[in-house]
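Residue-level structure breakdown
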Amino acid sequence: MKTDLTGVGRASAISTAMFLAILSSCSSEGNKTKNDSDSVAASAEFHADNDIAMIVCSVADAISIGEPLDTLSYNFDGVLTDGQGRPIYANLHGVPGKWDIDAVSDTSLTIRNVDLGDLVSDDLESYIVTALDAVNPTPVDSLARTSDDGHSVRVYRFEGGRIRFEVHNVSTPSDETAAMMIISLSK
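Residues numbered from 1 in each chain as written. Predicted model: local features only at pLDDT ≥ 70, side-chain atom pairs only at ≥ 80, totals over all residues. Heavy atoms only, no water.

1. Considering the nonpolar core
Where a protein is soluble and globular, its nonpolar side chains tend to be buried together. Ile52, Ile111, Ile163, Ile183 and Leu185 are the most contacted members of the largest nonpolar core, which totals 33 residues. Of all the secondary-structure elements, those providing two or more residues to this core are helix H3 (52-65), strand S2 (98-105), strand S3 (108-113), helix H5 (121-131), strand S6 (152-158), strand S7 (161-171) and strand S8 (177-186). The element best represented in this core is H3, accounting for 8 residues. Not counting chain neighbours up to four residues away, the residues in contact with Ile163 comprise Val56, Ile128, Leu132, Arg154, Val155, Tyr156, Phe158, Ile183, Ser184 and Leu185. (Core = buried A, V, L, I, M, F, W, Y, C linked by side-chain atoms within 4.5 Å. Buried < 20%, exposed > 50% of the residue type's maximum accessible area, 1.4 Å probe, protein only. Helix = DSSP H or I, 4+ residues; strand = E, 2+ residues; numbered from the N terminus. Contact = heavy atoms within 4.5 Å.)

Structure follows, in structure tokens:
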């Protein structure tokens, strides 16, 4: 039997295939390293296939065409990278920081950093919003807020949905400030 992959069905299949390809080369555990030279070697193992902006764009495309976000296809624990294949941040031990991706429902997904580390949340938000420019994200100023304790929320709309960046600044054991970020995409 021949399957007709036209219109929404084809876009849905392509979107799912792209997302699976992006995550297929990741290991949920990664390599555990013990010193700085091992950290450099571990960083070299991660590829641009794990690019957080590409993943966000894939999810935004799926949401905009009405494709359900199922947990088998979208849930992930591991290291995400920038467009050059470098991990987004290093944890307090100097190894690539981990991320958790969770399809909360058919129309909602969250991405959050698991570890405290050197995450620069404003730069990451800018990188993702720039990548989403193809789907014309627009800021929703009425939903943006920043509190005195450094907790901030910014929301952007894209075709068929919205993306929300929530950042909590927390203290590390050495009294430095680190960002815990939650990126939510929803219809």
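2. Considerations on the side chain of Ser108
As for its placement among the helices and strands, Ser108 is situated in strand S3. The contacts of Ser108, once residues within four sequence positions are left out, are Leu69, Asp102, Ala103, Leu185 and Ser186.

3. Topic: the packing of aromatic side chains
Here the structure, examined in full by the defined rule, presents 2 aromatic pairs. Pairing Tyr89 with Trp99 gives two aromatic rings, centres 5.6 Å apart and planes at 85°, and the pair type is edge-to-face. One end of the pair, Tyr89, is in the loop between strand S1 (76-79) and S2; the other, Trp99, is in strand S2, with 10 residues separating them in the sequence. (Phe/Tyr/Trp six-rings, centres within 6.5 Å; stacked < 30°, edge-to-face > 60°.)

4. Here's the deal with the pattern of salt bridges
Applying the stated criterion across every chain yields a total of 5 salt bridges. Ionic pairing is found between Arg86 and Asp82, a salt bridge with its closest N-O pair at 3.0 Å. Residue class for Arg86 comes out partly exposed when judged on its relative accessible area of 49%. The buried category is assigned to Asp82, whose relative accessible area is 16%. (Salt bridge = Lys/Arg side-chain N within 4 Å of Asp/Glu carboxyl O.)

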